[in-house]
Amino acid sequence: MMDVKYERSGCKQFFKKHRDDEKTIKGCIENALNLQLETGMSKVKRAVSARVDGQCVYECRINLKRTGSARVAFIVNENDNNIDVLFISSVLQKDEFTHMLERNLKEAGLCD
């Protein structure tokens, strides 16, 4: 199992909106991402063409139980044995999510 870290600039707003369910949401995300890594990332897509810290940015849809579904953008750092969650959104439409993610990455200065 890899450690999961959350980028403040892309996750803070989502966790603030769902403050009461933050622990459950993090558990769902960590389980889903580790499962995807173990099974070859079959339900994962490339999120944007830009790279963060030289790594490809991936995204997948995750069911967050009571909160509903969300899209999560992340990078995998195999050298550090961790996953960095860059952005979480309840917007499920792919093109709108991609636009929001690109804007967030640029504003946070994370793009290479």
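Residues numbered from 1 in each chain as written. Predicted model: local features only at pLDDT ≥ 70, side-chain atom pairs only at ≥ 80, totals over all residues. Heavy atoms only, no water.

A few points about the environment of alanine 108
Relative to the elements of secondary structure, alanine 108 occurs in helix α3 (residues 94-108). Sequence separation of alanine 108 and valine 57 is 51 residues, and the distance between their C-alpha atoms is 15 Å. (Helix = DSSP H or I, 4+ residues; strand = E, 2+ residues; numbered from the N terminus.)

Focus: the sheet that holds strand β3 (residues 55-63)
Read across the open sheet, the five strands follow the order β1-β5-β4-β3-β2; overall the sheet is mixed. The sheet is open, and its two edges are formed by β1 (3-6) and β2 (45-52), each paired on a single side. Across the sheet, the mean angle separating the axes of adjacent strands is 35° when strand polarity is ignored. Note: β2 against β3, five bridges, orientation antiparallel. (Pairing = 2+ DSSP bridges. Axes fitted to C-alpha atoms, helices over the stretch in contact; angles between N-to-C directions.)

Remarks on the pattern of salt bridges
Under the criterion given, the structure shown has four salt bridges. Between arginine 66 and aspartate 21 there is a salt bridge, and its shortest N-O distance comes to 2.3 Å. Of this pair, arginine 66 sits in the loop between β3 and β4 (69-77) while aspartate 21 sits in the loop between α1 (8-17) and α2 (22-38), and the two are 45 residues apart along the sequence. Via salt bridges that share partners, Glu59, Arg71 and Lys94 belong to a single interconnected network. (Salt bridge = Lys/Arg side-chain N within 4 Å of Asp/Glu carboxyl O.)

Here we look at the layout of surface pockets
Where empty space is left becomes clear once a probe the size of a water molecule has been rolled over the atoms. Estimated volume of the largest pocket: approximately 300 Å³. The wall of the largest pocket is formed by 14 residues, among which Gln13, Phe14, Phe87, Ile88 and Met100 lie closest to the centre. Of all the elements in the fold, those that place two or more residues in the lining of the largest pocket are α1, β5 (82-89) and α3. Among the elements that take part in the lining of the largest pocket, α1 stands out by supplying six residues, more than any other. (1 Å grid on protein atoms, 1.4 Å probe; cavity = no way out; pocket = protein on both sides within 12 Å on 5 of 7 lines; lining within 4 Å. Points joined across faces, edges and corners; volume = space filled by probe spheres on them.)

Considering the state of the cysteines
As used here, a disulfide is simply a covalent bond connecting the sulfur atoms of two cysteines. Under the defined criterion, the tally for this structure stands at zero disulfides. The thiol of cysteine 11 is unpaired, and the distance to the nearest cysteine sulfur, on cysteine 60, comes to 13 Å. (Disulfide = S-S within 2.5 Å.)

Section: the side chain of asparagine 82
Along the chain, asparagine 82 turns up in strand β5. Those residues within four positions of asparagine 82 in sequence are excluded, and the remaining contacts are Met2, Asp3, Lys5, Ile75, Val76 and Asn77. (Contact = heavy atoms within 4.5 Å.)

Function cannot be inferred from these measures alone, as they are strictly geometric.
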